[in-house]
Amino acid sequence: MLEGKIMQLKDSSLLKQQCYIDGKWLNAHTGDVIAVMNPATGEQIATVPNMGIAEARLAIEAANKAFKQWKSLVSTERSIILKKWHDLLIENKEDLGLILCSEQGKPLPEAIKEVVHGAAYIGWYAEETKRIVGDIIPTPAPGKKALILKEPIGVCAAITPWNFPNSMITRKASPALAAGCTFVIRPASKTPLSALAIAELAHRAGIPAGVFNVITGSRDIGDELTTNPIVRKFSFTGSTAVGAKLMEQCASTIKKVSLELGGNAPFIVFDDADIDEAIRGAIASKYRNAGQTCVCANRIYVQSGIYDEFVEKFSTVVDQLIVGNGLEKNVTVGPLIDKEAIVKVQHQIQDALDNGATLVRGGHIHPKGELFFEPTILANVTQDMIVSKEETFGPLAPIFKFDTEEEVIRYANDTIYGLAAYFFSRDLGRIFRVTEALEYGMVGANTGTLSNEMAPFGGIKQSGIGREGSKYGIDDYLELKYTLIAGLNN
Ligand SMILES: NC(=O)C1=CN([C@@H]2O[C@H](COP(=O)(O)OP(=O)(O)OC[C@H]3O[C@@H](n4cnc5c(N)ncnc54)[C@H](OP(=O)(O)O)[C@@H]3O)[C@@H](O)[C@H]2O)C=CC1
Ligand SMILES: O=C(O)[C@H](O)CS(=O)(=O)O
């Protein structure tokens with residue numbers, strides 16, 4: 001029984017079924033709860049409070065009350081606390097992975113890897129907090145100096161998606177807290193348990209009450225987080241459509257906004273590529289999290305000279321993927337998050353087949369259960385099919401053929417999105433030409449994965465605003481203050 005598995009946590013107190021506000025664990029005022037289901041089994045694994053606007057206000061006021069003290073800490077003190085938070089995530093990575101796998105579905109090893117990836121952001125910003133430096137600028141006027149300070153923006157809020165229930169929390173909270181800001185986060189209703197476990201570890205790390213708050217419940221919470229004037233910065237990861245709506249809501253109080261939205265990543269294999277390397281990269285990029293990441297290879301373009309060889313070799317590797325409950329050993333592809341996700345994949349497949357594509361592998365719901373889908377490959381896919389324009393968010397690999405570099409760059413850029421793109425080539429001139437020609441925030445050359453805490457993660461066009469991770473990621477949580485100091489020659 002899954003619940004039995006969950007109860008096999010080494011530390012069962014990490015399974016929190018209340019929200020964390022102002023350092024306290026609270027139920028909704030109404031007592032209402034939301035069920036948290038396991039997508040692999042359909043079983044209920046927990047409940048969390050169904051909070052609303054009133055509780056959101058409580059969390060924002062708690063963050064506001066805590067801001068003055070938190071921002072006044074010297075950076076080395078903040079660094080020690082953040083480092084302790086990082087260490088606690090690593091010490092508890094198996095339990096956090098088990099909770100994540102059970103609420104989101106990804107295979108347990110992948111879930112644990114996400115926890116380590118999430119902790120890495122905290123570890124990175126535990127150091128970056130000590131490197132928030134300003135400037136003293138000489139001015140054109142005698143006796144005057146410009147002092148530039150970088151100051152924390154204040155109370156920050158975020159709404160996060162279900163596909164990375166751990167790392168999406170820490171990738172936002174760690175730069176915010178490192179900058180001296182305080183934070184209110186509303187995780188996706190489907191996967192709230194990871195965020196609540198992270199809050200428990202924040203408490204244990206000594207993060208003061210009100211600095212980090214996690215609230216679950218209705219989407220009304222989002223209305224409060226995006227319109228309450230105390231909130232000075234709003235960060236969102238999710239669909240482009242929802243991102244646009246939330247950005248609009250933030251406009252009324254001129255909040256600083258960061259958005260990590262949808263993607264439609266091209267994955268290009270030139271005939272001068274190391275084809276086995278390209279296949280390994282395509283598998284890693286396409287089937288990670290059952291294809292439910294915003295940076296998954298969404299369109300695979302293979303140059304005509306190696307097209308048949310690529311399809312054949314790629315299919316052989318896909319045959320080795322094991323679909324099943326992520327808690328089971330050797331499973332590499334878990335369930336999709338819900339029925340709507342399955343319908344979206346089926347619709348894209350049917351449209352492609354109706355317009356001349358060939359089904360090479362898969363194409364159906366997997367016998368393991370209604371939310372499991374066979375790793376699917378389509379060949380002879382063309383630009384006029386829905387799958388070339390719409391993000392899939394599922395284990396579907398559409399393989400397009402192209403002839404020239406100019407043609408494939410045109411295809412690759414023919415999308416409203418601009419998050420991640422990938423290409424494989426051993427030609428140095430081509431690597432520079434293609435990197436510069438691709439209209440994306442992130443490019444993987446001879447690799448199918450590119451996310452890490454030291455790199456600026458983010459997109460252009462309708463894939464978002466701002467960057468997360470790296471030395472750049474903290475800037476979104478800081479304001480510049482310019483002070484002109486005169487009279488220095490008197
Ligand atoms: N860039 C990325 O990393 C991600 C992109 N996506 C994209 O989003 C698509 C659908 O995934 P999905 O999770 O449904 O993404 P959504 O954008 O619908 O949801 C993301 C988060 O926003 C919340 N939300 C949705 N609508 C509102 C609203 N009107 N007001 C306040 N909060 C809201 C959701 O809450 P709740 O679910 O609790 O109702 C969830 O916490 C995917 O196909 C993919 O294109 C999704 C996840 C990550
Ligand atoms: O939202 C996502 O899909 C993640 O950002 C992808 S990654 O950062 O884990 O690669």
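Note that residues are indexed from 1 along each chain, following the sequence as it is written. Here the convention is simple: chains get letters from A, ligands get numbers from 1, in the order in which they are written. Given that this is a predicted model, residues contribute local features only at a pLDDT of at least 70 and side-chain atom pairs are listed and counted only at 80 or more, while totals for whole chains, interfaces and linings are drawn from all residues. Side-chain calculation: all heavy atoms of the structure are included, whereas hydrogens and water are not.

The subject of this paragraph is the domain arrangement of the protein chain. Residue ranges assigned to the domains are those given by an automatic or database domain assignment. For the protein chain, the assigned domains read domain 1 (12-261 + 464-480) and domain 2 (265-445). Each of domain 1 and domain 2 was reduced to a C-alpha centroid, and the two centroids are 31 Å apart. Throughout, a residue-residue contact means that at least one pair of heavy atoms, one from each residue, lies within 4.5 Å. Listed as interface residues are 21 residues of domain 1 and, on the opposing side, 22 residues of domain 2. Three residues stand out in domain 1 for area buried against domain 2, namely Pro39, Pro107 and Trp162, and they jointly supply 26% of the buried area on that side. Salt bridge, as used here: a side-chain nitrogen of Lys or Arg that lies within 4 Å of a carboxyl oxygen of Asp or Glu. Taken together, domain 1 and domain 2 are joined by 1 salt bridge. A salt bridge links Asp338 to Lys190, with the nearest nitrogen and oxygen atoms 3.4 Å apart. Polar contact is the term for a pair of N or O atoms within 3.5 Å; when the atoms are in protein, one must be able to donate a hydrogen and the other to accept it, and sequence-neighboring residues count only if both atoms are side-chain atoms. At the junction of domain 1 and domain 2, the tally comes to 6 residue pairs in polar contact (both at pLDDT 80 or more). Once two parts are put together, the accessible area they lose, assessed with a 1.4 Å probe and summed over both, is termed the buried area.

UniProt positions are given in the numbering used here, feature names are shortened, and annotations may be inferred rather than shown by experiment. Sites flagged by UniProt as "domain: Aldehyde dehydrogenase" (unreviewed entry) map to residues 25-482. Counting from the N terminus, the helices are DSSP H or I runs at least four residues long and the strands are E runs at least two residues long. Along residues 25-482 the backbone is 38% helical and 22% strand, and the end-to-end C-alpha distance reaches 40 Å.

A few words now on the side chain of Asp338. Looking at where Asp338 falls in the secondary structure, it is placed in the loop between helix H11 (307-318) and helix H12 (339-354). Owing to a relative accessible area of 16%, Asp338 belongs among the buried residues under this scheme. Among residues more than four places away in sequence, those in contact with Asp338 are Lys190 and Leu371. Relative accessibility thresholds used throughout: buried, under 20% of the residue-type maximum; exposed, over 50%; partly exposed, between the two (1.4 Å probe, protein chains only).

Confidence scores labelled pLDDT are given residue by residue by the predictor and lie between 0 and 100. Within the protein chain, residue pLDDT values average 97, and 99% of them lie at 70 or more. For this predicted complex, the interface confidence score (ipTM) comes to 0.94, while the overall pTM stands at 0.97.

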